[in-house]
Amino acid sequence: MAQRTTADETLTREEVATYFEHLSEAFDENEETVRVRVGNKTVDLEPPDGVDLSVDVIERSTMFRGKRESVSIELSWKP
């Protein structure tokens, strides 16, 4: 059974940087558990030393809708 926790937020660039700094620190600590904030909830994860990383960048430009960019970052592993 899979359990998904999702949150969509609009953050300032500074808040995004702070979020990734906290996430980076959580992975950098020598603890077994990594705590990830998802909206108003915290999820405890147990990543091993090797983690798969996938980065996907999309740049779109249309005449009527304007320019749109997105970055998707996915980390995955088997605990």
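Basis of the calculations
Residues numbered from 1 in each chain as written. Predicted model: local features only at pLDDT ≥ 70, side-chain atom pairs only at ≥ 80, totals over all residues. Heavy atoms only, no water. Core = buried A, V, L, I, M, F, W, Y, C linked by side-chain atoms within 4.5 Å. Buried < 20%, exposed > 50% of the residue type's maximum accessible area, 1.4 Å probe, protein only. Helix = DSSP H or I, 4+ residues; strand = E, 2+ residues; numbered from the N terminus. Pairing = 2+ DSSP bridges. 1 Å grid on protein atoms, 1.4 Å probe; cavity = no way out; pocket = protein on both sides within 12 Å on 5 of 7 lines; lining within 4 Å. Points joined across faces, edges and corners; volume = space filled by probe spheres on them. Nonpolar A, V, L, I, M, F, W, Y, C, P; charged D, E, K, R; others polar.

Participant: I'd like a rundown of the nonpolar core, residues and numbers included.
Facilitator: In terms of nonpolar packing, the biggest core is built from 5 residues, these being Leu23, Ala26, Val34, Val36 and Val38. At the level of secondary structure, the elements contributing two or more residues to this core comprise helix H1 (13–28) and strand E1 (34–38). No other element matches E1, which puts 3 residues into this core.

Participant: A description of the pairing of strand E3 (residues 52–62) should follow, citing residues and the corresponding values.
Facilitator: The two faces of a sheet get side chains in turn, since along a regular strand they alternate between them. When you tally the buried positions in E3, you get 0 out of 11 residues, a small fraction of the element. With 11 bridges joining them, E3 and strand E4 (residues 66–76) adopt antiparallel strand pairing. The residue bridging Thr62 from the neighbouring strand is Gly66, located in E4. The hairpin turn running from E3 into E4, its antiparallel successor, is 3 residues long.

Participant: Would you mind going over the layout of surface pockets in detail, with residue names and values included?
Facilitator: In this approach, a probe sized like a water molecule rolls over the atoms, and the result shows the empty space that is left. Taken as a whole, the largest pocket holds about 1,400 Å³ of empty space. In terms of lining, the largest pocket is formed by 29 residues, of which the most central are Tyr19, Leu23, Val36, Val38 and Ile73. When residues of the lining of the largest pocket are traced back to their parent elements, those giving at least two are H1, E1, strand E2 (41–45), E3 and E4. Per element, the largest residue contribution to the lining of the largest pocket is 6 residues, and it comes from H1. The residue makeup of the lining of the largest pocket, split by class, is 16 nonpolar, 7 polar and 6 charged.

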